[in-house]
Amino acid sequence: MKIAIIGLGFVGLSLTSVLASKGYNIVGIDIDREKCDKISNGISPFFEPKLEKVLKNGLKKKLKISNKYSLINNCDFIFVTVGTPQNVNGSINLSIIKKAISTIGENLQKSKKKPIIFIKSTIIPGTIKKVILPILEKKSNKKEGKDFGLISNPEFLQESSAIIDTKFPHVVVLGGNQTEFMKKAKKLFTKLHPNVPIINTNHQTAEMIKYANNSFLATKISFINQLSNICQKIPGANIDDIGKTIGLDPRIGKLFLNAGPGYGGSCLPKDMKALINFANISGINPSLLNAVEEINIKQLEQIISIIKQKLGDLASKKITILGTSFKPNTDDIRDSIAIELIKKLLKKKAEIIIHDPKAMKNTKKQFEEKINYAKTINDALSKSQCVIIMTQWKQYEKLTKKQFKYMKTKFVIDCRRMLVKKQLDVDYYAIGLGKIN
Ligand code: UGA
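Put plainly, two cysteines are in a disulfide when a covalent bond ties their sulfur atoms together. Under the defined criterion, the tally for this structure stands at zero disulfides. C36 takes part in no disulfide bond, and the closest cysteine sulfur to it belongs to C75, at a distance of 15 Å. Since its relative accessible area comes to 4%, C36 is described here as buried.

If you want it as structure tokens, here you go:
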């Protein structure tokens, strides 16, 4: 049994590494040659805990990394994990996946195998039937259900726990026609993940499940963020106690109830926009989804107004941002709320100094000389007039009173309530805590 994985981003490289480390015969394909060279040498192009170790382990076994699509010709299973970025109007851009599918089709024409093609990329309902299947059949001159299988297999892994999530998914979704190929796919996943529920449905439902999942997570976050704003008006109220308690109700569930500066990253904001766009063109007013998005945008405005209340005009004010990655344990800054905040503060001519344990390089690529990069947390705090904790990196939990001593104005905005229990001798403002005057 040979498996190809096309597109070596977070999803593709995690799947490639995990399956290869288990001893499966794997070929990981990406059009970016430089990326392929790095990966072949056991180096991950991005930081993801445990990934390099698993990758190196896989490379000692039956793993080949290449930019040649022709290698799919003798594969039984082909996973498509390429990106579906966002267009300006919020819809998804299909150019990358169309190209990948087209090349798979061309190669399929020459292949003697009858492979199953799994689509893991996030795509709007109807895309497999309307776009992917016609391209595949046309380019391969073959028929789905007879010469090859095509199955929607959305992914639910989270960055920063990609390896664990790939090894132990909570669910497997297989969407497509009920053919022999589907039976074979079920067999494969039962072998890979015994005891994990398999949801067997059609293409369009599987495609929609992915958006349902991410938009529900975004809704939970905006819900708790709106409540946290209300809490801020109730002296002494604490959003964490509220989140923890309602999370104990099994109908609600404890995860994704952490109030903060809003959701970011390469998935939730993009998927929300795509679903809103899709609802609108389908004639459905997505009023709830619109509200979720609006709350997310307003969360950042609220932080800026708190800074302005304290510092007045922000021109030349020294502001420190702790954490630029969109969440801890990643170097990914795509659609990070911290990055948005920096952009907005720069427009107000503030002087920005940042610190992040992993994302300094990526942040530097984005802002170059426009902001300052601190080597240590202490350097970041020195002479600062305002510190904003944006990402809940463990390092920031350890901050002590002494470290704030050299700030010019001891003003701290803690978006993650990491320092709530500490006596810091600073003007402390935390999202979701009602200040006692
Ligand atoms: C998200 C989903 O959680 C995954 O299930 C999905 O597979 C993935 O998108 C995807 O579609 O590829 P990810 O983008 O890695 O995963 O990030 P999350 O862990 O969902 O965090 C997203 C944002 O929400 C972060 O900015 C985080 O700080 C924020 N968040 C999360 C909160 O503000 N509060 C919470 O309680 C949880």
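Here the narrative resumes.
Moving on to the environment of I246. Among the secondary structure elements, I246 is positioned in helix α9 (residues 239-247). Judged by relative accessible area, I246 falls into the partly exposed class, the value being 25%. Between the C-alpha atom of I246 and that of L94, which follows or precedes it by 152 residues, the distance is 40 Å. Residue contacts for I246: discarding those within four places in its chain leaves F223, I252 and L257.

Near the ligand, the surroundings consist of 20 residues, among which L157, Q158, E159, K210 and K327 are the closest. A distance of 2.7 Å separates an oxygen atom of the ligand from a polar atom in the backbone of L157. Q158 has a polar side-chain atom sitting 2.6 Å from an oxygen atom of the ligand. With the chains in place, 92% of the 720 Å² that the ligand exposes on its own is no longer accessible. Only α8 (203-231) and α10 (268-281) provide two or more residues apiece to the shell around the ligand. In terms of residue count, the dominant contributor to the shell around the ligand is α8 (four residues). Taken together, the residues of the shell around the ligand sort by class into 10 nonpolar, four polar and six charged.

So, on to the pairing of strand β6 (residues 149-152). A two-sided burial pattern is seen for β6, the buried positions comprising G149 and I151 on one face and L150 and S152 on the other. For strand β5 (residues 116-119) and β6, the ladder comprises four bridges, and the chain directions are parallel. Looking at β6, one finds that I116 is bridged to G149. Once you follow β5 into helix α5 (residues 127-140) and on to β6, the crossover reads as right-handed.

Moving on, we come to the side chain of N277. With respect to the helices and strands, the residue N277 is situated in helix α10. On the accessibility criterion, N277 (17% relative accessible area) is buried. The contact partners of N277, leaving out residues within four places of it in the chain, are N89, G90 and S91.

Of note, F77 is situated in strand β4 (residues 77-80). F77 sits 110 residues away from K187 along the chain, and the two C-alpha atoms are 12 Å apart. Once residues within four sequence positions are removed from consideration, F77 is found in contact with M1, K2, I3, A4, I116, F118, K184 and L188.

So, how was this worked out
Residues numbered from 1 in each chain as written. Predicted model: local features only at pLDDT ≥ 70, side-chain atom pairs only at ≥ 80, totals over all residues. Heavy atoms only, no water. Disulfide = S-S within 2.5 Å. Buried < 20%, exposed > 50% of the residue type's maximum accessible area, 1.4 Å probe, protein only. Helix = DSSP H or I, 4+ residues; strand = E, 2+ residues; numbered from the N terminus. Contact = heavy atoms within 4.5 Å. Near = heavy atom within 4 Å. Polar contact = N/O pair within 3.5 Å; in protein donor to acceptor, adjacent residues only side chain to side chain. Areas by Shrake-Rupley, 256 points an atom, 1.4 Å probe, with all protein chains shown as cover. Nonpolar A, V, L, I, M, F, W, Y, C, P; charged D, E, K, R; others polar. Pairing = 2+ DSSP bridges. Right-handed = clockwise from strand over helix to strand, strands pointing away.

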